[in-house]
Amino acid sequence: MFETTLSELEVQARQQIATAKTVEELEPVRVEVLGRKGALARISKELAKLPPEDRARVGKLLNAVKQSLEAAVEARKAEFQALALKARLDAEWFDLTLPAPEPERGNLHPITQIQNEIEDLFTSLGFTILDGPEVETEYHNFDALNIPPDHPARDMQDTFWLTDGNLLRTHTSAVQIRGLERFTPPLRMIAPGRVFRNEEVDASHEHTFYQLEGMMVDREISVAHLIYFMKTLLSAIFGREVTVRLRPGYFPFVEPGFELDIQCLICGGAGCPVCKQGGWVELLPCGLVHPNVLRMSRIDPELWNGFAFGLGLTRLVMMRYGIDDIRHLQSGDLRFLRQF
Amino acid sequence: MKFSYNWLCELVEGMNTPPKQLGLLLTMKTAECEGVEEVSGTEPECPPDSIIEIDNKSLTHRPDLWGHYGLAREVGAIVGGKLRDPVHMELLPQGPPPIAVSINDMALCPRYSALALENVTVRPSPRWLQRRLEVIGLNPINNVVDVTNYVMAELAQPLHAFDWDLLRGSTILIRTAQPGEHLVALNEQEYALDPRDLVIADERGPIALAGVIGGLDTCITDRTRRIVLESANFQAASIRRTSSRHKLRTDASMRFEKAQDPANTVRGLARALELLQEFSPGIRVVAGVADQGRLLRLPEPILLPLDWLARKLGKTVDPEEVKRIFERLGFLVSPDSSGAFMVTPPSWRATKDISLRDDLLEEVGRMIGYDSIPSQPPTALVSPPLQHPERLFHRQVRATLVELGFTEVYNYSFVSEEQAKAFGYKVEDHVRIANPIASDQCLMRLNLLPGIWKNIQQNSKHFENFRLFEIGREIHKSATGLPQEIPHLVAAVFRRDDGQQGLMELKRVSEHLMPGSEVMPASARPYEHPARTADVNWHGTTVGRLFELHPSMAGETNGRAAILDLDLKQIESLMSQDKRYTPLRRFPSSAFDLSVIAQARDLAGTMQKHMAALVGECLESIEFVRQYSGPPLPEGKKSVSFRLKVASPDHTLSSEELAAIRQRIIDGMRTLGYDFRL
């Protein structure tokens, strides 16, 4: 008889657990069946009336039913929790395409970026970075570079003169001289910086622009070494092999002097507006350091020689990003500067 | 400089390289060809031609290339054709000259040659000659003047023709100008001569500015019957100075300033004579050539060791090839016993261009073609490069600013007098440019603010709010030597709000760059907001300024700009790499809040400092929590709350100890005039 009652109780309780829709509905079912005064507890009290041989058997059965129903209640509770969590998480839906609050990250000036890149490259090749004044003496900017007064090469660089007789450096080559004065060879150095030319400003001319001067002085430096360094430099800058050509160029502080052209990266040498249809872009004046320059800085040209080059950072930036108006670079216009 | 292709062909035997290809060859071996332009021609005397345009800058060191004959020599050396000399020296008459030449200073005028001619007919030149001048950009005038220009364009030797009948006396004087002398030149301008100017003079006075321009009074006219042809050589530097002093650059001065060859003067006369005999029939030479000057200096031979040449080029060149290259360019080569050549440059290369073996290296290098030299890494000592601390520091500053949302701008180093005054600087304190492009760019910036101010004005037209910064140099006058160049950072935040956020953002920038830096309110300059200006202090030194731009400077921006200006040089000098570890506290700390009642304009920073001092060594941290003003506080008062954490290094603080610390603060602050909300 007990067996039947337990079996019916179990079936009924299971059904009630399954149909309970909330934790609140489930709790009365649990109390009614499994509680201290619940159905199973009541049956348990009845067990004492049974003969001992039946008591153990029915007691076992009762425990089994109890455990099974407890498990069912726990399982149902877990289901409710899972559902509740699911609902909460769903309610926390958030539009991740909304913009992040400001400030956004700012931007480095494109010339700073390219200058950093090239400085790092040369540092890795053992070059020291040097700095020099923007206001220079006539001696450092011209005379010491083998450009005496009344030399026609002074026309190649229109100069801003100051009322005190000094000038605004027309090239970073002036820093070469400061380096030669400061260090003893062998030496490898670069000098990036702002330079000035007295020119009217238009889309392709600026009175203020950026250059990077480089120099290596050692025992036996040849034209072949210069070519090696320039090719290494340009391949690193452009991230690919570049085709270069070296042709005579006149700069009084080098002998021989060269203009190094690269094959136009836009058209591959076929001719386009960027290379003025020529297929080549003039990029790097360079040469072997003139013995007079070494001598003026008290370095014996019989023992030491070297190469020097000048890289137009402004030109490089314009080439890399296809900038068609040089004036943007010093405009301070954030519509332009935020693109880099 | 423009060259006629046809003219070059006449001077090089067997020349058949097409113009474009010739241009490219010249670019690669001699001087930069900027373009080749075809010129059409239909008249039989004017066949089609091509203009080969060579960049003047690449001819700066080559006096010989300022004429077709010089360039033809290069062409011959490159393509292998023989050079044809257009000069026939045998045409020049022998005998005493009809005019005397007197040179005062042979350093300024190393040679002066002249030839007198009579029975001259001045008339237009033949069409082909006019055309040839036109092609290279010269205006035909009359046969006599055209011949002088033709010879200049051919031989690079400038000539000048005087009307002999208009010269006074029989001596041509080459002397410096006397004080007060004037010359009306061919361009009809009158020049007040400087005593340093070299002039050609007759008995009466100057008749030409030597090497630059002739005088109007003695020039060739339709009535001219007798002429004196001048073919002279002048010191390059002197001509250049005269030319720039009078702002007068002429075809002649451009050539002379490159140091022309004194050997060339009589060649010019011979060539001119030949042409004049053709274009002015009946012309007659009057006696011999006048030729004065110092002895021509013979070019010195230069020793060229072939192993040195190979080492410098990075390539070995066959000695026969080296010899051939030099000979084609007009150098003399004789072998030396020890694997070297003695190379003597020709006179037209020896005035300035060639004097060292390095110069010879260039001749060989360019003619074999630099592209034939293989790239080769050098062997050099491996050593780590020196660090550049300033540049590394500036990089960190830039990186910080970018992280905090600021975009970098570059501004010019120039400011106008108005800009300088607008920011309260005296115009005379600036380094001044003697030859500015425009009057608004005549001073070197003493401060980065004018540029940043302009950036704010312009960007406010496009953006509601923005952040920007610049790192640049202030240029300060110095009593001795070069001006001081002081690197500064100026950062700005522009917003259309009450302005507080911008100031706080910049304070954050300052704290990122200088941990522990403080801002202390300071009296404002005219362009600063009087109630929102502070010094930035670090390690006891004032290193910059934090302020809001005075509303009077806001202009049309309709917003507020907060600005931070820092002296990066000073900050760098205060930075210490010396960091030391502090042991972590082993005993727990306790926290409590305190709300100070203070006057509305009492500084929270000051309160915090006082409280920290009162706690002493037990202080772990003190943080601002919030501030409040309004009821129930009386008018003019505010409450500022702080959270303090305290701990002892050697035991856990008891509640009695905590209470004592708290009481110490309260009592101490009260004696300083503060109150508490307890």
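About the criteria used
Residues numbered from 1 in each chain as written. Chains lettered and ligands numbered in written order. Predicted model: local features only at pLDDT ≥ 70, side-chain atom pairs only at ≥ 80, totals over all residues. Helix = DSSP H or I, 4+ residues; strand = E, 2+ residues; numbered from the N terminus. Rg over C-alpha atoms; globule rule 2.2 N^0.38 Å. Buried ≥ 20, exposed ≤ 12 C-beta atoms within 10 Å, placed from the backbone. Pairing = 2+ DSSP bridges. Axes fitted to C-alpha atoms, helices over the stretch in contact; angles between N-to-C directions. Contact = placed C-beta atoms within 7 Å. Nonpolar A, V, L, I, M, F, W, Y, C, P; charged D, E, K, R; others polar. Core = buried A, V, L, I, M, F, W, Y, C linked by C-beta atoms within 7 Å. Parallel < 35°, antiparallel > 145°, perpendicular 65-115°, else oblique. pLDDT = per-residue confidence, 0-100. Expected span 1.5 Å × (residues − 1). Domains from an automatic or database assignment. Arc of directions from axis to C-beta.

What to know about the overall build of chain A
Stage number 1. Helix and strand counts for chain A stand at eleven helices and nine strands.
Stage number 2. Whereas a compact globule of 340 residues would reach a radius of gyration of roughly 20 Å, chain A reaches 43 Å, over 25% beyond that.
Stage number 3. Counting only C-alpha atoms, chain A reaches 130 × 45 × 45 Å along its principal axes.
Stage number 4. A total of 340 residues make up chain A; the buried ones form 40% of that total.

Notes on the overall build of chain B
Stage number 1. Per the secondary structure count, chain B includes 18 helices and 31 strands.
Stage number 2. Its C-alpha radius of gyration of 40 Å places chain B more than 25% over the 26 Å reference for a compact globule of 678 residues.
Stage number 3. Sorting the 678 residues of chain B into buried and exposed places 42% on the buried side.

Brief notes about the sheet that holds strand β17 (residues 332-335) of chain B
Residue and element names in this part refer to chain B.
Stage number 1. Strand order across the open sheet formed by three strands is β16-β18-β17, with antiparallel pairing between neighbours. A single partner strand is all that each edge strand has here, and the edge strands are β16 (302-305) and β17. Neighbour to neighbour, the strand axes of the sheet diverge by 30° on average, direction disregarded.
Stage number 2. The sheet contact formed by β17 and strand β18 (residues 340-344) spans four bridges and is antiparallel. In the strand pairing of β18, Leu332 is matched with Thr344.
Stage number 3. Of the strands in this sheet, β16 and β18 are in contact with helix α11 (residues 357-368), which crosses β16 at around 60°.

Observations concerning the interface of chain A and chain B
Stage number 1. Each partner contributes residues to the interface: chain A has 64 residues there, and chain B has 79 residues.
Stage number 2. Of all elements in the fold, only α5 (110-124), β1 (128-129), β5 (208-218), α8 (223-238), β6 (244-248), β7 (254-263) and α11 (334-337) of chain A reach the threshold of two or more residues within the side of chain A that touches chain B.
Stage number 3. The element best represented in the side of chain A that touches chain B is α8(A), accounting for six residues.
Stage number 4. Looking at the side of chain A that touches chain B, its residues break down into 28 nonpolar, 19 polar and 17 charged.

As for unusual backbone geometry
Leave glycine aside and you will find that most residues have negative phi; peptide bonds, for their part, are mostly trans.
All names here are of chain A.
Stage number 1. In this model, Pro185 is joined to Pro186 through a cis peptide bond whose omega is 0°.
Stage number 2. Mapped onto the fold, Pro186 is located in the loop between α7 (173-182) and β4 (187-196).
Stage number 3. One non-glycine residue, Arg298, lies in positive phi territory at about 60°.
Stage number 4. In this fold, Arg298 is placed in the loop between α9 (291-296) and β9 (305-312).

A look at the environment of A:Val242
Residue and element names in this part refer to chain A.
Stage number 1. Tracing the sequence through the fold places Val242 in the loop between α8 and β6.
Stage number 2. According to the C-beta neighbour criterion, Val242 is partly exposed, with 17 such atoms within 10 Å.
Stage number 3. Along the primary structure Val242 and Gly268 are separated by 26 residues, whereas in three dimensions their C-alpha atoms are 9.8 Å apart.
Stage number 4. Beyond its immediate stretch of four places on either side in the chain, Val242 contacts Leu234, Ser235, Ile262 and Gln263.

So, the sheet that holds strand β29 (residues 619-628) of chain B
All names here are of chain B.
Stage number 1. Pairing is antiparallel across the open sheet formed by four strands, whose spatial order is β29-β30-β28-β31. A single partner strand is all that each edge strand has here, and the edge strands are β29 and β31 (675-676).
Stage number 2. Alignment of β29 against strand β30 (residues 637-646), held across eight bridges, turns out to be antiparallel. By the bridge assignment for β30, Phe624 is matched with Phe642.

Remarks on the nonpolar core
Stage number 1. Counting residues in each nonpolar core, the largest one holds 219 residues, and the members touching the most others are A:Met230, B:Leu8, B:Ala210, B:Ile227, B:Leu229, B:Ala491 and B:Ala492.
Stage number 2. Formed by 13 residues, the second largest nonpolar core is a distinct cluster that contains B:Val596, B:Ala598, B:Phe642 and B:Val646.

Section: the packing of α5(A) against helix α10 (residues 313-321) of chain A
All names here are of chain A.
Stage number 1. At a closest axis distance of 9 Å, the pairing of α5 and α10 adopts a crossing angle of 105°. The angle between α5 and α10 places the two elements in the roughly perpendicular class. In this structure, α5 uses Pro110, Ile111, Ile114 and Gln115 to contact α10, whose residues at the interface are Leu313, Thr314, Leu316, Val317, Arg320 and Tyr321.

Details of the confidence of the model for chain B
All names here are of chain B.
Stage number 1. Model confidence for chain B is summarised by a mean pLDDT of 94, while 100% of its residues fall at 70 or above.
Stage number 2. Within chain B, strand β19 (residues 407-408) carries the highest mean pLDDT (98), whereas β31 carries the lowest (90).
Stage number 3. Here the predicted complex scores 0.86 on pTM and 0.86 on ipTM.

What to know about α11(B)
Residues and elements named next belong to chain B.
Stage number 1. With twelve residues, α11 should reach 16 Å at 1.5 Å per residue; the first-to-last C-alpha distance of 17 Å fits that figure.
Stage number 2. Counting buried residues in α11 gives nine out of twelve residues, a clear majority hidden from the surface.
Stage number 3. Within α11, burial applies to Asp358, Leu360, Leu361, Glu362, Glu363, Val364, Gly365, Arg366 and Met367.
Stage number 4. Positive phi appears at Gly369, one or two residues downstream of α11, with a value of about 95°.

Some thoughts on the domain arrangement of chain A
One frequent convention defines the size of an interface as the accessible area lost when the parts assemble.
Stage number 1. Domain parsing of chain A yields domain 1 (2-91) and domain 2 (110-337).
Stage number 2. Centre-to-centre, using C-alpha coordinates, domain 1 of chain A lies 90 Å away from domain 2 of chain A.

As for the packing of helix α10 (residues 319-328) of chain B against α11(B)
All names here are of chain B.
Stage number 1. Here α10 crosses α11 at 100°, and the two axes come no closer than 10 Å. On the basis of their axis angle, the class for α10 and α11 is roughly perpendicular. Contact with α10, carried on its side by Val322, Ile325 and Phe326, involves Glu363, Val364 and Met367 of α11 and no other residues of that element.
Stage number 2. Across the contact of α10 with α11, the residue classes break down as five nonpolar, no polar and one charged.

Overview of the pairing of strand β8 (residues 280-289) of chain A
All names here are of chain A.
Stage number 1. Where burial is concerned, most of β8 is hidden: eight out of the ten residues are buried.
Stage number 2. Examined bridge by bridge, β7 and β8 share eight bridges and lie antiparallel to one another. Its bridge partner being in β8, Val254 is matched across the sheet by Val289.
Stage number 3. In the sheet, β8 pairs with β9 via three bridges, with the strands oriented antiparallel. What sits directly across from Leu288, in β9, is Phe307.

Observations regarding the environment of B:Cys109
All names here are of chain B.
Stage number 1. Looking at the element boundaries, Cys109 is found in the loop between β4 (100-103) and β5 (111-118).
Stage number 2. Judged by C-beta crowding, with 25 C-beta atoms within 10 Å, Cys109 ranks as buried.
Stage number 3. Each C-alpha atom, one on Cys109 and one on Gln235, is 6.0 Å from the other, the two residues being 126 residues apart in sequence.
Stage number 4. The residues touching Cys109, leaving out its near neighbours within four places in the chain, are Ile103, Ile174, Leu198, Ala210, Ala232 and Phe234.

A word on helix α18 (residues 655-671) of chain B
Owing to its 3.6 residues per turn, the α-helix brings residues three or four apart onto one side.
All names here are of chain B.
Stage number 1. The end-to-end C-alpha distance of α18, which contains 17 residues, comes to 24 Å, matching closely the 24 Å that a straight helix rising 1.5 Å per residue would cover.
Stage number 2. Residues of α18 that are buried: Ile661, Ile665 and Met669. The arc that holds the buried residues of α18, viewed along the axis, is 60°, so those residues lie on one side. Within α18, the exposed residues directed more than 90 degrees away from the buried face are Ser655, Glu656, Ala659, Ala660, Gln663, Asp667, Arg670 and Thr671.
Stage number 3. Of the surrounding secondary structure, the elements contacted by the buried residues of α18 are β28 (590-599), α17 (604-615) and β30.
Stage number 4. Once α18 finishes, Gly673 follows within two positions and takes phi at roughly 100°, a positive value.

Quick look at the environment of B:Cys618
Residue and element names in this part refer to chain B.
Stage number 1. The topology assignment puts Cys618 in the loop between α17 and β29.
Stage number 2. Cys618 sits 491 residues away from Arg127 along the chain, and the two C-alpha atoms are 104 Å apart.
Stage number 3. In contact with Cys618, other than residues within four places in its own chain, are Val646, Ala647, Ser648 and Ile661.

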